[in-house]
Amino acid sequence: MFWGPLSFVLVYLLVLVIVAEFIARFRDKDTEITRKIVHIGAGNVILFAWWLQLPAWIGVGAAIVAAFIAIIAYFVPILPSINSVGRKSLGTFFYAVSIGVLIAWFWSINRPEYAVLGILIMTWGDGLAAIVGQNFGTHPYQIGEMTKSFEGSLTMFLVSFVISNLVLGVLLWGEITGTILLISLIIAISATLLEAFSQWGIDNLTVPLGSAFLGFFLVGALR
């Protein structure tokens, strides 16, 4: 029953990695761009899992495999599109862990929308914030040893706000728009702060988990 949808997801991921690896190997200057291609593209799989109603064990199993590959790639440069930005980071490992945790929890309580919310905020918010910050960030600020940009943080906030509105709009269809906007605003601010203060790639864990569980709590509290 699930072999068709599963095959579709696997082919999508295979094509994504092949394209990213091709760019990484032949266009050395675009290493961060290729890394974000994988970051954003892989995260979109959560939408397929949601729409195709894949069982939790498939998502959790895939996350475990991805985490294992990420650990290997951390020590051995087998995938330039994953670790090729001149810095060591466990971000890809945390990325896989967060997907596995959110799918395991929210699929089990029949609330997959919150897993989608958290993962898409990490996928698109963090991914686009990095691209905008590195290419257009002309107003930097310092947090400890980290250098961020106001342009990148603003991108993180806006993308998180839009994604929260879209996902919560589906979840709370027909309910008070003001409630959706308020919850989305709180989630976006929290996600932006988590991204700004996280080091060593741990934002790939704190942002999705924090956004998803905060959304779950706020919806229950404010509806």
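Thresholds applied
Residues numbered from 1 in each chain as written. Predicted model: local features only at pLDDT ≥ 70, side-chain atom pairs only at ≥ 80, totals over all residues. Heavy atoms only, no water. Core = buried A, V, L, I, M, F, W, Y, C linked by side-chain atoms within 4.5 Å. Buried < 20%, exposed > 50% of the residue type's maximum accessible area, 1.4 Å probe, protein only. Helix = DSSP H or I, 4+ residues; strand = E, 2+ residues; numbered from the N terminus. Contact = heavy atoms within 4.5 Å. Salt bridge = Lys/Arg side-chain N within 4 Å of Asp/Glu carboxyl O. Axes fitted to C-alpha atoms, helices over the stretch in contact; angles between N-to-C directions. Parallel < 35°, antiparallel > 145°, perpendicular 65-115°, else oblique. Nonpolar A, V, L, I, M, F, W, Y, C, P; charged D, E, K, R; others polar.

A.B. asks: I keep staring at the nonpolar core and nothing clicks. Help me out?
C.D. replies: Nonpolar side chains tend to gather and get buried jointly when the protein is soluble and globular. Counting residues in each nonpolar core, the largest one holds 35 residues, and the members touching the most others are I46, V116, I121, I163 and I187. Where this core is concerned, the elements lending two or more residues are α3 (45-51), α5 (91-108), α6 (112-136), α7 (150-171), α8 (177-197) and α9 (203-222). In this structure, I163 is in contact with L117, L120, I121 and W124, ignoring residues within four places of it in sequence.

A.B. asks: Is there a simple way to explain the pattern of salt bridges in this structure?
C.D. replies: When the charged atoms of two side chains lie near each other, side chains of opposite charge can form a pair. Counted under the stated rule, the structure contains 1 salt bridge. A salt bridge links K148 to E195; the shortest N-O distance between them is 3.1 Å. One end of the pair, K148, is in strand β2 (residues 146-149); the other, E195, is in helix α8, and 47 residues separate them in sequence. Take K148 and E195: they sit in the same class, and that class is buried.

A.B. asks: For this particular structure, what's the right way to read the packing of α5 against α9?
C.D. replies: Angle between the axes and distance between the axes: these two values describe a pair of packed helices. The contact between α5 and α9 brings their axes to 7 Å, and the two run at 25 degrees. One way to sum up the angle between α5 and α9 is to call them roughly parallel. Within the contact between the two elements, α5 uses G91, T92, F94, Y95, V97, S98, V101, L102, W105 and F106 and α9 uses N204, L205, P208, L209, A212, F213 and F216. Grouping the amino acids of the contact of α5 with α9 by side-chain chemistry returns 13 nonpolar, 4 polar and no charged.

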